Each structure stands twice: as C-alpha cells, then as structure tokens.
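# Commentary on secondary and tertiary structure
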Amino acid sequence: MTETLPTPSPTTTPNDADTVAAVRAGDTDRFQELVERHADRVYAVAWCRLGDRTLAEEAAQEAFILGFRRLSLLGHADRFGAWITAIARRTAINLGLRHRRELSKRQAWAEDAVESIAEPPLQGVDEPDLDLPTALQALPPIHRECLALFYLERQSITAAAASLNISESALKVRLHRARHALRDLLADQIESNLATLRAPTRLVRSVMLALPAAATPLGTLGTLAATLAQALPFGASLFILKIVCQLPGLFLAHQLGRMEARNYRQDDTFRRLVHGRLHRRLLVFIGVTTASIMLFSATMPLRAFAGVFGALSLASVLQGLRQSRVVRHPGHLATTLALALIAIPLCAMAWPGTPFWILSVGQAGFFLVCSWIIPRQPPRMDFSLFARAFQNSLESPPAPPSEADPRSRPMSRANLLDFARFLGRQMLVEDWHWEQQTLVLTLPKVTPVPFMQLVPPRWLRTSWICLEPSGTVHAKLGDPDALELSRIARLSEQPAPPAAAHLESHVAHAVHRAWCLYATHPDRALLVLGVGSTETLFQAPHEKTASTRLRVWILRLTAVLVVAGAFLFFPRSTTSGPDLASNPPSAEAIRSFLDRAATHTPPASFPFRWEHALDPSTDPCPPRNWFTPGERASLLSSILPATWPTNEADRALTALLHSKFLALWLGNALAPEEIPEAFRDQDALRRGVRALSPDTLKKLLIPLDHPVQDQPYRMLFVREVVPRLEWLAHLGVLGELDLEPLVQAVLQSQIPHGASLPMRWPVPPNHELDGLFVLMIADPLRDTRDALRILQLAGRLESLDREATIQGILRLHRGRGLFAPKGLDPSLLVQGQATHTLAAWDSLRMLQALDRVRDLETWQFRFPRYTALDRVSPDQPSAAWPAIQAALIQRAVHSSPSLPPKGV
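Cut-offs applied
- Residues numbered from 1 in each chain as written.
- Predicted model: local features only at pLDDT ≥ 70, side-chain atom pairs only at ≥ 80, totals over all residues.
- Heavy atoms only, no water.
- Helix = DSSP H or I, 4+ residues; strand = E, 2+ residues; numbered from the N terminus.
- Buried < 20%, exposed > 50% of the residue type's maximum accessible area, 1.4 Å probe, protein only.
- Contact = heavy atoms within 4.5 Å.
- Areas by Shrake-Rupley, 256 points an atom, 1.4 Å probe, with all protein chains shown as cover.
- Patch = residues over 30% accessible without salt bridge, like charges linked within 9 Å, V, L, I, M, F, W, Y side chains within 5 Å.
- Salt bridge = Lys/Arg side-chain N within 4 Å of Asp/Glu carboxyl O.
- Lys, Arg positive; Asp, Glu negative; His and termini not counted.
- Charge placed at Lys NZ, Arg CZ, Asp CG, Glu CD.
- Core = buried A, V, L, I, M, F, W, Y, C linked by side-chain atoms within 4.5 Å.
- pLDDT = per-residue confidence, 0-100.
- Pairing = 2+ DSSP bridges.
- Axes fitted to C-alpha atoms, helices over the stretch in contact; angles between N-to-C directions.
- Parallel < 35°, antiparallel > 145°, perpendicular 65-115°, else oblique.
- Left-handed = near helix turned anticlockwise from the far one by under 90°.
- Nonpolar A, V, L, I, M, F, W, Y, C, P; charged D, E, K, R; others polar.
- Phe/Tyr/Trp six-rings, centres within 6.5 Å; stacked < 30°, edge-to-face > 60°.
- Arc of directions from axis to C-beta.

Looking now at the overall build of the chain. Along the chain, the regular secondary structure elements total 38 helices and 8 strands. For the chain, buried positions account for 47% of its 904 residues. Across the chain, every contact between residues at least 6 apart in sequence was considered, and the portion connecting residues at least 24 apart equals 72%. Surface accessibility of the chain: about 43,400 Å² in total, with carbon and sulfur atoms responsible for 58%.

Here is the structure:
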C-alpha cells in the first residue's frame, strides 16, 4: 500500500479574521481569544526547537507579545495562526542563540527527560511521554524541525518545504528518515504524542498581563508606522523607507553648515545670512534630487533611468563648458569636471552592455574632485556685485595720471572677452552672451540657487552688466536680487537697500573703473571691485576649520567605499581574464586534495562531502575512480532510503522522489553492485509507474510554479523534474504520460523579441537575451538548458523558435567557451563560469547547432582563481568545489562524441 501522509488540517480558524479586526479596532481584550486558540501550537513549536519547558514558555510569551505589536503588518487576518507560528519559530531560534552558552539543545532535551521522571509536571503542562524526547534528542535538528512543521503546525508538504527552502522531495526524504528512526521506539505514538503537547495554563495570563506594557507610546508609534506601511503598497513603503534613511546624511550636512557659519566674523551679519539661506536651499535641493532619483529608479528600467539623468547631467556639463570661455575660475572648472565624471558614465550606462562598475568609478572621481574644491573655494557669499554695492565694498580710488581709458583703444570682441575673463576669474560673472556687438554678462545671484545654470538667464530676470564696444558699461539689477537684498536687510536689521537706479549706477561705475585699470594695474582693479583678502572675513582660515576637514575626509572616505563597493558587488568583466583561470585541475590533483582534506589534523571545520556539493540534476556525474569506497557509501546513504517498499507502486514513487540517485544512476557514476536490488527489476518499476494515480504523477512531473513573496513574478522549479523525466524515458513509459501542461509552462518562459516576461524574473529588455528561457532565476543559459532538456524528452523541440534560441546562445559567446553579456549586467547570473559553458554546449548539442561554433575544440572551463586547489586551505575544503566542478564539466564535454576525446 502506498504510504499516506496525514492530511494537513486548516492552519487557521474561521474566527481569526473577526478577532484580529476587533483587536485592530482597539478591543485589546479579545487578543486573549487568539492566545487561547493558538497557545498549544506556538508552545509546541518553541519546545521542539528549544527542548526546554522554561525556554519554550518564554519564547511563546515573547512571540505573542511581538505579534500583538506587529498585528497591523498582518496582511491576511485569517492567516493569523500560520503568521504567529512563524514568529514563534524565529523567536525560539533567537532565544536558543542567546542561551547557547547555558544549555545546548541536546543537553536541554536530555535534562527535560530526566526532570519529567524526578518531578511531577507543572500544573496545566501536558508534556510528552519520556520516550518521545529521549528518541527525538538523537535526531538531527533538521529532522526535528521537519516533524514540527508537518505534525505540529499541520503544514502541507508544499508549505513546509517552502518554509525550509528545500524541495518537496527533500522534505519527504527527511520525514521518511525521521519516522523510520523513531518507529522502533514510538511506533504509533509519534503523531499522538506530538499532537498532545500542551502549553502551560499560565501562558495566556502572562501574555495578557504584558499587553499594557506593549502598548506604550513607543509601541503606539510603531503600530501607527506599521499601519501606514500596511495601507501603502509595498513599493511605496520601500520608497518612504529609503527616504527616511537619507535623513541622517541631511542632518550631518546641516550640522557641518552650522559649524561653517560660525567661522564668519561676528559683525559679518550679511554673509552669515546669505550662507544660511544658501545652505537651506542646498539641503532642500539634495533632498528633492535624492527623492527624485529614488522615485525614477523604482519606476523606470535601470538603463532608461541612467539615460535620463545622464542627459540632464550632460546638459549641465555642456553649459559649464560654454561658460568656461569666460568663467575661468578653478572652482567653476573643477565643478564642471566633477559633473562630467557623473554625466559621462550615466550616459554610457544607457547603452546596453556597459559595465555597471563604470558608474561607481565616476562617482568616486566626483567625490574626490569635490574634496579638492572645498578647501580651495572659501564661502565669501558676496560674488554678486550688487551685494557688494549694498555692503559698500566697491571702491573708486582716484586714477593715476598714466591711467588709460578703454574708449581710447579700439574695442573688438577679443578686447571685451578679455575683460570678461578677468571678471570671471574672480567668480564675478556667471554666464555670457552676445547681443549684436554688445557683450552681456550675467552676474551671480545674491543668494545662489543650486544648479540653475540650465535655465536661460532672461527667464530668471537675473542681474547683468553690458560691455559696449565704445567702452560704456550698463548695469541692471534683477527683480529676484532686489527682493533678496530687501529680505536680507530686513532680517539683519540693516537699512533698506538704496534704489535700484543708485545700485546700478554704483556697479556700472565700479566696473568701468576696473576696466580702465585691469590691463596696467590689476591689483587696483581688484580693489575697485571689492576683491580683498579673505582673512578679514573669517575668524580662522577656511581650509583649516574642522567643518572643512570633516567634509574633505567624508568625501574621500565615500570615494573609497564607492570603489570598494564596485569591486565587491559588481563583478568585473570576464573578458579581461586576470580574475579567471582556465585548465581545470586533473583527476589526480582533485584526489590528492580530497585526501589531504580528509586527513587534515585538526579535522576541517567544513569537510568536503560529495553529497553536500554535488547536484546531479545540474552538475555532471563524476567518474567512479574519483570516489573512494567510503565516499561512495556516504553519498549513497545520504540520498537513499534505508528500506524500500515492497509494493510496486510505492517502490516506483520512492524512486521518483530520489532524483539525485536517479541522476547518479543514469550518469553511470555507480557500480552495478551499488544499485539497490529494487531498481534491478525494470518490469516491476514500469508496472509501478503505471499504477500511480494521475494526480501523483502530475505533482511529480509538473514543476512548482511558486510566487515570490511581495513580488509580481513567479519561479518555475524544474531541476527536480528533469532527472525524473530521464528515468521514465529510460523505463520506456514517458510516452504514456500527459506532458502537455509541462511543455506549455516551459514554452511560455521563452524570452520574446525585445521584451521581458511578466510572469518570470524581471530580466530587463535586452536583445542579447532574445530567444532564451527564464524559469527560476536570472540565469538564462542554465534555464535554457533545463527547458531544452524537458522539451527534448517530451519530443516537443519543434514547438519552439529554434533559430531564435540558437542566436540567443551564440549572442552571449565571447570566444573560447566564455559566455557572458556585454559588460556583465549584475542583474544576471551569467558570469562566464564553467557551468555556463556547459549549459551553452549542452543546449547547442540538443539544438544540433554545435557546428555553428568555430572554436569548439579550444573551449576553456573557467572558475574563480581563489578556488584553485593549490590556493584553498584544507581547513575549508568545500571552497574548492568550483574548481572540481569545472573539471567535471571539462570531462563531460571532452568525453562527448561531439568532440575528440581529451582527458582531464
């Protein structure tokens, strides 16, 4: 008879939704109903994790209090039971870690068993019999957790496997082994004893007494925040969280601005006010810009977002370059360079295939240039000539007899531009343009507005001066500057500024006098324009203040972190080669390394085990001479059940659940005598497969189409399905099964031309990926190989666009077996490793397109250099797996009839 699994009972009760709604509405007393309803389950889960009654009760109480505080985060009120159980599991894990020095898990379970004999149980505590904890303490934690999920929480196989992040077949194997190990001691009492585990009666009272403390003002604030997060969509909540994370940086910038303002002379009220107003505008500008970048990056494709902001930044750079014809101040030139270091990489990012680390390098350069600018550009805050006229800083000394008037010389455009550059080197000019033969110079604003140089000056009604070819100077005070001067005069309690005509006459006269002097007496011309030493403006030299030094070091540290992040999070292009090694190690080198790892003293903390590293559903099977007898025995014992059912249907079902063994067997990695006797009768296995119900076969052969939490896409798990299909084809019964649902699910995962798949991992539209498949994750080469294997076994290869798939694979080929997108997009897992070479080779072989590759015999199989066997310490032999895996892949490809034999 086929082994039946208990039918999971509902994880919630119909009253949960009403009770949760009442508690959310303010009736906290009704939370007691939820505690009473789920106390036994929560306590049982905590006890199975901790093995100690006191710790389990503490964990259960903490879980309920935490659930009360976070109740607003519960999306579906009718799922309170599963939700609070998950909280209890995590709470028990954390509590166990906090008490790991006092009591290990095994000691806790053993002491619990002794106490149950020596002392009567506490009132209201219905602990399991002595036999259960004694038997369970011998089980590995992973098996105890499987029993807790399945029997205590009554989760289905699918839900329990998803909770542990393992496949359904792996969960069934663990349950089978756990039940088999316990069967001799407990037999039929396992399910009843686990189900009768009861929480102490005082648990409900303890939780309800602790609720008033949980509803403190801080807890109420958290509840309001949680309610807001629940009401908003996930993307909006994440966006708000990102904005909140920027507040510490803005606060630091605000504090640095205040430190800088204190460096002005005490009587310099004007500059302090202008500095404060500019600093506030900068903070607003930074905040708005950051929020805009986050908003657009969340709603636009990454490369489109980079193109838009790159175009805006490039426009600022071009405008700065145009202005630099007149504005020759080092600060302006350095600012233009800093913007270019951001704009050029952003524009390049819009082009498909550009590596993402280029943007990080540009950002680092931007921060370094800014750190150079800050100490060399003191914040005078009076670059506006009208502001200097208001402060009576413009002087008009008597001209010496030898002074020449500009009107005595011919005034060409070159002469006008030469004087304009003289003004620009002092940052007294912001922009320029010609009106016929007159040079119009835009003056800096009284209080600058960040990054407004893109807007034409005439739109802003800015202040300006005109240089006529006749030597005449005209000045015009813009309305915004006149309003700003009046506002600053009122805030500083100074007399109102003179009439605009008076200020304009004063500025025009000062500029005219400077024009007469700059060629022969440039120092006197600077005095006329109010350009003096900054020592009279600041209490301490600007470059030596604490605020300046902090800004410089923060920017330099940021540049270092950006570069480090680029190397850590954005892999370098695989076409360069220095970080990759070809020519995988030989079988002798691998065997020698494994022997050294096995005999290393003291024993390795993480010894290499084939059963841990090898996944035959995706990796080639190693040859028999790569195993020692002990390794083969360990591998078989880890993936095979202890006993095989006698019923033919049960035997076939058990075989299908062990996909790793099927792949090893079909890959000829095992000797004939190592194959269990249950597999040797092929006719019995065929009859067993035919005896299985259609629903059972459907669950085993149709991949799990699993939604990703809080994301609008799904993942199609096919790695366990492929070995099962190959085994059924080996038995000759695959043609009798209905594989059409599987075929359609796979065909719908092919990337269409120039578009993404709405139901799968959101791979950005990229013509390099057209025709490939996306099933599980953003690894289209390996997913394409799995999809083609399924379609080939089902006899449906003709149903796909064969040429589009071939072109998609070849489009990623960079030569000599290196497969990677241009620039190595970090959102993809195709990084030129040996696994991708194998996936491409196997896919082309199934598509009968290996003849389309010119350099097939020169293919290399790459792996990260740090995993080379001669570089890995025996203390961590499992780190050598990529090198061993590359050797397996090389052997699999070179031993294929498609290539001449070439040994490893």
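A separate point is a positive patch on the surface. Where like charges cluster on the molecular surface, the positive patch consists of R325, R328, R413 and R425. Within the fold, R328 resides in the loop between α16 (302-323) and α17 (330-349). Look at R328 and you get partly exposed, because its relative accessible area is 36%.

Next up on the list: the nonpolar core. Counting 91 residues, the largest nonpolar core has F661, F679, W727 and L728 as its most contacted members. Sorting elements by how many residues they give to this core places helix α38 (residues 881-894) first, with 8 residues. Residue contacts for F661: discarding those within four places in its chain leaves L636, I639, L640, L670, I675, P676 and F679. Counting residues in each nonpolar core, the second largest holds 50 residues, with F386, L416, L423 and L477 among its members.

Another aspect to go through is the pattern of salt bridges. Taken as a whole and assessed by the stated rule, the structure comprises 20 salt bridges. One salt bridge in this structure joins E33 and R30, with 3.1 Å as the shortest N-O distance. By relative accessible area, which is 30% here, E33 ends up partly exposed. Put simply, R852 and E803 hold a salt bridge, and the shortest N to O gap is 2.8 Å. Taken together, the residues span a long stretch of sequence, with R852 in the loop between α37 (834-846) and β8 (863-864) and E803 in helix α36 (residues 802-811) at a distance of 49 residues. In this structure R852 comes out as partly exposed when scored by relative accessible area, which is 35%.

On to the confidence of the model for the chain. Scored by pLDDT, the chain has a mean of 75; 72% of the residues are at 70 or more. In this model, residues 101-130 is a region of pLDDT below 50 whose contacts with residues beyond four sequence positions or in other chains number 53 contacts. For the stretch residues 228-234, pLDDT sits under 50, and the model shows 9 contacts to residues farther than four places along the chain or on other chains.

A cluster of nonpolar side chains, contributed by L314, L318, L321 and I344, occupies part of the molecular surface with about 370 Å² of accessible area. No other element matches α16, which puts 3 residues into the nonpolar patch. Judged by its relative accessible area of 54%, I344 is exposed.

Spatial ordering of the open sheet is given by β1-β2-β3-β4, a layout of 4 strands whose pairing is antiparallel. Looking at which strands have only one partner, the edges of the open sheet turn out to be β1 (431-435) and β4 (473-476). Across the sheet, the axes of successive neighbouring strands diverge by a mean angle of 20°, strand direction being ignored. For strand β2 (residues 438-442) and strand β3 (residues 464-467), the ladder comprises 4 bridges, and the chain directions are antiparallel. Within the sheet, the bridge partner assigned to L439 lies in β3 and is L467. Sitting on the sheet, helix α23 (residues 500-517) is in contact with β3 and β4, with an inclination near 145° to β4.

With that settled, consider the packing of helix α2 (residues 31-50) against helix α3 (residues 53-69). The geometry of a pair of packed helices is captured by two quantities: the angle between their axes and the separation between those axes. Contact geometry for α2 and α3: axes closest at 8 Å, N-to-C directions at 135°. Taken together, α2 and α3 sit at an angle that is classed as oblique. Note that α2 runs across α3; the crossing there is right-handed. Touching F31, L34, V35, H38, A39, V42, Y43, A46, W47 and L50 of α2 are R53, L55, A56, E57, A59, A60, A63, F64 and F68, all from α3. Per-class residue counts for the contact of α2 with α3 are 16 nonpolar, 1 polar and 2 charged.

Turning to the packing of aromatic side chains, a few remarks are in order. For the structure shown, the criterion picks out 11 aromatic pairs. When the ring of F31 is compared with that of F68, the centres are 5.3 Å apart and the planes differ by 70°; the resulting orientation is edge-to-face. Of this pair, F31 sits in helix α2 while F68 sits in helix α3; the two residues are 37 residues apart in sequence, bridging distant segments of the chain. The exposure class assigned to F31 is buried, which follows from its relative accessible area of 0%. Ring geometry for F366 versus F367: centroids 5.5 Å apart, planes at 70°, classification edge-to-face.

Buried within helix α1 (residues 16-24) are the following residues: D16, T19, V20, A22 and V23. Buried positions in α1, seen along its axis, are confined to an arc of 160° and lie on one side of it.

Phi angles above zero are rare outside glycine, and M381 is one such case at about 65°. For M381, the location among the structural elements is in the loop between α18 (357-373) and α19 (385-390). Notably, R816 is not glycine yet its phi reads approximately 55°, a positive angle. Looking at the element boundaries, R816 is found in the loop between α36 and α37. Looking at R816, the relative accessible area reads 43%, which means it is partly exposed.

In terms of burial, β2 is largely enclosed, as 5 of its 5 residues are buried. A two-sided burial pattern is seen for β2, the buried positions comprising T438, V440 and T442 on one face and L439 and L441 on the other. Hairpin connection of β1 to β2: 2 residues between the antiparallel strands, including Q436 at a positive phi of 60°.

Along helix α8 (residues 157-164), the positions that sit buried rather than exposed are I157, A160, A161 and L164. Viewed along the axis of α8, the buried residues span an arc of 100°, placing them on a single side of the element. Once α8 finishes, N165 follows within two positions and takes phi at roughly 60°, a positive value.

The side chains of a regular strand alternate between the sheet's two faces. Pairing between β3 and β4: 4 bridges, direction antiparallel. Within the sheet, the bridge partner assigned to W464 lies in β4 and is K476. Linking two consecutive strands that pair antiparallel, namely β3 and β4, is a turn of 5 residues; a positive phi of about 95° is found at G471 within it.

With that settled, consider the packing of α17 against α18. Where α17 contacts α18, the axes come no closer than 8 Å and their chain directions differ by 170°. Of the possible angle classes, the one that applies to α17 and α18 is roughly antiparallel. Contact with α17, carried on its side by P330, G331, A334, T335, L337, A338, L339, L341, I342, P345, L346 and M349, involves I358, L359, G362, Q363, G365, F366, V369, C370, W372 and I373 of α18 and no other residues of that element. When the residues that make up the contact of α17 with α18 are grouped by side-chain class, the tally is 17 nonpolar, 5 polar and no charged.

We now examine the side chain of R380. Tracing the chain through its elements places R380 in the loop between α18 and α19. For R380, a relative accessible area of 9% puts it in the buried group. Setting aside anything within four residues of it in sequence, one finds R380 in contact with R271, R388, G530, G532, T534 and L537.

Secondary-structure assignment places S749 in the loop between α34 (740-747) and α35 (780-794). A residue is classified by how much of its surface remains accessible, and S749, at 0% relative accessible area, is buried. With 23 residues separating them along the chain, S749 and L772 place their C-alpha atoms 8.5 Å apart.

Take the environment of R205 next. Here R205 is to be found in helix α11 (residues 202-214). Accessibility expressed as a relative area gives 52% for R205, which makes it exposed. Taking the C-alpha atoms as reference points, R205 and Q61, 144 residues apart in sequence, are found 9.8 Å from one another.

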